[in-house]
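Given next are the chains, with one letter for each unit.
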Amino acid sequence: MSVHEECGVFGLISPAAAEVARFAYYGLYALQHRGQESCGIVINDDGVFSSYKDLGLVNEVFTADKLSRFPKGNMAVGHVRYGTTGGNNRSNCQPIEVNHQKGKMALAHNGNLSNAAKLRNMLELSGAIFHTTSDTEIIAYIVTRERLRTPSIEDALSGAMNTLEGAYSLVLMSAQKLICARDPYGFRPLCYGRTPDGMYVVASESCALKAVGAEFERDLEPGEILVFGPDGMVSRREHCGKKQRKLCVFEYIYFARPDSVIDGVSVHGARICAGKILAREHPVEADIVVGVPDSGLDAALGFGMESGIPYGIGLIKNQYIGRTFISPGQDTRLDQVKIKLSAVEESVRGKRVVLIDDSIVRGTTSGRIVKLLREAGAKEIHMRISAPPFLHPCYYGTDIDSEEHLIACGHSVEEIAHVIGADSLGYLPVRRLGALIGTGGNWGYCSACFDGAYPTEIPTDTRKNRFEEKLSEKRDFKRNSVMRN
């Protein structure tokens, strides 16, 4: 088990026909850090949908030849995926496309429904047939069901939000409209911007807006629905203000790109702040501060600023290898650590090193990094983590679903330091999380994976592949029945 990002969503609507697939490609490329299992693009050419989806990175799936086959259009929806519900196979690639009595729809989703199993069971009992095992198809079914009895697609989405629970940032495309929505808690980020020629762009992070030349306008409010269509842009707020804001604080620590700004807070600034807090909470005498690329670098810079210990480059990352957390399977993860990072011996040999990283899950990766620095000649290694210890599962889009695999659940801080081979270890205190966003905790964020304070009802079955296992059990039952007969 390992921690993964969730997904990234992207959408755009142009006042005139354009090469929108190419814009979507650049937007998804900027969001690649949010998911590296699969990706997809659906474009709308005056009501005619064209799409391509597959497993792999954006530049692997969308070659120049593939992009050239897309016609011009006026709308596009794109998605990069790491699945927190459903396995890694082509059928679970997004955006999901639906053809129904009142038209077409393409849907991209970032997050995780906490009531997915309950909704899927309800839909199956009413006759729904599922083609994927992701909770995005559940959302598509709920929206479609509402659309059959409402006058517009935005009314259907609003009605669906009365049923959906948990985390969801959505981009939805119909024949005439591009619609985006953020759940009432605001668990996952979503923002929009505009290009000089009048193209509206929606994305999980502001870095994707910049990638296509769009100027950031603002973040969606939790519960807000934005409709882009023939009438321009319309904001619907009937679901706003119903819940306390609960943006995932791990967005600032790890998920988001440092050049993004989420809900008015700079990700880079939040990580600098985390490093400064670590220096105050866990001071140590050392010669150099080293960050683990990529999300540990900003916090390491902050630690150096606050402590006065020089910041240096002690680890080099192979930029052509994906994030460690994204590789499924322990053996694969170990193999990637061996080729992903290398130590700069000149920087660390004979020195006392402060090593900054964003998290420790089971300790295997951290132990390997500490060993790399030891082999490079580091005299002491004092590890500091810019997040609190993981103690609880996440049900809102981060792939943490079993406490038994979390090293902090069964070991003290001193024991973890021994396991990973560090001379000392210090975590960011839970009580200081609010300081990362400059609010002292009044602004509202979700830290359930650290403190167990869940904003929603906890689901009874949290296995990522629970729907695949359900199908497998049905096949085994049928096979055994045939054998008995």
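A quick note: this is a predicted structure, and the numbers were derived from the prediction, not measured.

Draft legend 1. Main features of the sheet that holds strand β17 (residues 288-291). Strand order in the open sheet made by the four strands is β17-β20-β21-β22, with parallel pairing throughout. At either end of the open sheet lies a strand with only one pairing partner, and these are β17 and β22 (424-427). Geometrically, the sheet is characterised by an average inter-axis angle of 20 degrees between neighbouring strands, direction not taken into account. Where β17 lies against strand β20 (residues 352-357), four bridges are found, and the strand directions are parallel. Paired with glycine 291 across the two strands is isoleucine 356, which belongs to β20.

Draft legend 2. A look at unusual backbone geometry. In the segment running from glutamine 94 into proline 95, the intervening peptide bond is cis, with an omega of 5 degrees. With respect to the helices, strands and loops of the structure, proline 95 is situated in the loop between β4 (73-81) and β5 (96-100). For the peptide bond that leads from proline 293 to aspartate 294, omega is 0 degrees, which places it in the cis range. Structurally, aspartate 294 can be placed in the loop between β17 and α10 (297-307). A positive phi is found at aspartate 46, a non-glycine position, where the angle reads about 55 degrees.

Draft legend 3. Broad picture of the sheet that holds strand β13 (residues 232-236). Read from one edge to the other, the open sheet built from six strands follows the order β5-β6-β7-β8-β12-β13, with strand pairing classed as antiparallel. Each of the sheet's edge strands pairs with one partner strand only, and the pair in question is β5 and β13. The sheet shows a mean angle of 20 degrees between the axes of neighbouring strands, taken without regard to direction. Looking at chain direction, β5 and strand β6 (residues 103-113) are connected through five bridges and run antiparallel. When the sheet's bridge partners are listed, valine 98 is paired in β6 with methionine 105.

Draft legend 4. Here's a closer look at the packing of aromatic side chains. Overall, the coordinates contain 18 aromatic pairs when judged by the stated rule. Seen in terms of ring centroids, phenylalanine 250 and phenylalanine 390 are 5.3 Å apart; in terms of plane orientation they differ by 75 degrees. Their pairing is edge-to-face. Highlighted residues: phenylalanine 250 in helix α8 (residues 250-255) and phenylalanine 390 in the loop between β21 (380-385) and α14 (407-410), separated in sequence by 140 residues. We classify phenylalanine 390 as buried; its relative accessible area is 2%. An aromatic cluster of three or more residues is present, and its members are Tyr185, Phe187, Tyr395, Tyr396 and Tyr454.

Draft legend 5. Quick peek at the environment of glycine 103. Here glycine 103 shows up in strand β6. With a relative accessible area of 24%, glycine 103 lands in the partly exposed category.

Draft legend 6. Spotlight on the packing of helix α9 (residues 267-281) against α10. Running from N to C, α9 and α10 point in directions that differ by 45 degrees, and their axes come no closer than 6 Å. On the basis of their axis angle, the class for α9 and α10 is oblique. Judged by the sense of rotation from one axis to the other, the crossing of α9 with α10 is right-handed. Between α9 and α10, the residues in contact are His268, Arg271, Ile272, Gly275, Lys276, Leu278, Ala279 and Arg280 and Asp298, Ala299, Leu301, Gly302, Phe303, Met305, Glu306 and Ser307, respectively. Taken together, the residues that form the contact of α9 with α10 break down as seven nonpolar, four polar and five charged.

Draft legend 7. The nonpolar core, seen in detail. In terms of nonpolar packing, the biggest core is built from 47 residues, with Phe250 and Leu436 touching the most fellow members. Broken down by secondary-structure element, the contributors of at least two residues to this core are β14 (247-248), α8, α9, α10, β20, β23 (445-446) and α16 (448-451). At seven residues, α9 tops the list of elements feeding residues into this core. Among the nonpolar cores identified, the runner-up in size contains 29 residues, and Leu31, Cys39, Cys207 and Ala208 belong to it.

Draft legend 8. Seen up close, α9. An ideal rise of 1.5 Å per residue puts 21 Å on 15 residues; α9 measures up with 21 Å between its terminal C-alpha atoms. When α9 is considered as a whole, its buried residues turn out to be Val267, Ala270, Arg271, Ile272, Cys273, Ala274, Gly275, Ile277, Leu278 and Ala279. Those residues of α9 that are buried are in contact with α8, β15 (261-262), β16 (265-266), α10, β21 and β22.

Draft legend 9. The pairing of strand β9 (residues 191-194), seen in detail. Where β9 meets strand β11 (residues 215-219), four bridges bridge the pair, whose relative direction is antiparallel. Bridge pairing in β11 links cysteine 191 to aspartate 219. Here four bridges tie β9 to strand β10 (residues 200-203), and the two strands are oriented antiparallel to one another. Residue arginine 194 lies in a different strand from β10, and its bridge partner there is tyrosine 200.

Draft legend 10. Up close: the pattern of salt bridges. Inspection of the entire model under this criterion finds 28 salt bridges. Glutamate 224 is the salt-bridge partner of arginine 237, the closest N and O atoms lying 3.5 Å from each other. Here glutamate 224 lies in the loop between β11 and β12 (225-229) and arginine 237 lies in the loop between β13 and β14, a separation of 13 residues in the sequence. Classification of arginine 237 as partly exposed rests on a relative accessible area of 43%. Within the structure, one salt-bridge network assembled from shared partners comprises Arg34, Arg188, Glu205 and Glu251.

Parameters at a glance
Residues numbered from 1 in each chain as written. Predicted model: local features only at pLDDT ≥ 70, side-chain atom pairs only at ≥ 80, totals over all residues. Heavy atoms only, no water. Pairing = 2+ DSSP bridges. Helix = DSSP H or I, 4+ residues; strand = E, 2+ residues; numbered from the N terminus. Axes fitted to C-alpha atoms, helices over the stretch in contact; angles between N-to-C directions. Phe/Tyr/Trp six-rings, centres within 6.5 Å; stacked < 30°, edge-to-face > 60°. Buried < 20%, exposed > 50% of the residue type's maximum accessible area, 1.4 Å probe, protein only. Parallel < 35°, antiparallel > 145°, perpendicular 65-115°, else oblique. Left-handed = near helix turned anticlockwise from the far one by under 90°. Contact = heavy atoms within 4.5 Å. Nonpolar A, V, L, I, M, F, W, Y, C, P; charged D, E, K, R; others polar. Core = buried A, V, L, I, M, F, W, Y, C linked by side-chain atoms within 4.5 Å. Expected span 1.5 Å × (residues − 1). Salt bridge = Lys/Arg side-chain N within 4 Å of Asp/Glu carboxyl O.

Everything listed is a geometric property; what it means functionally is a separate question.
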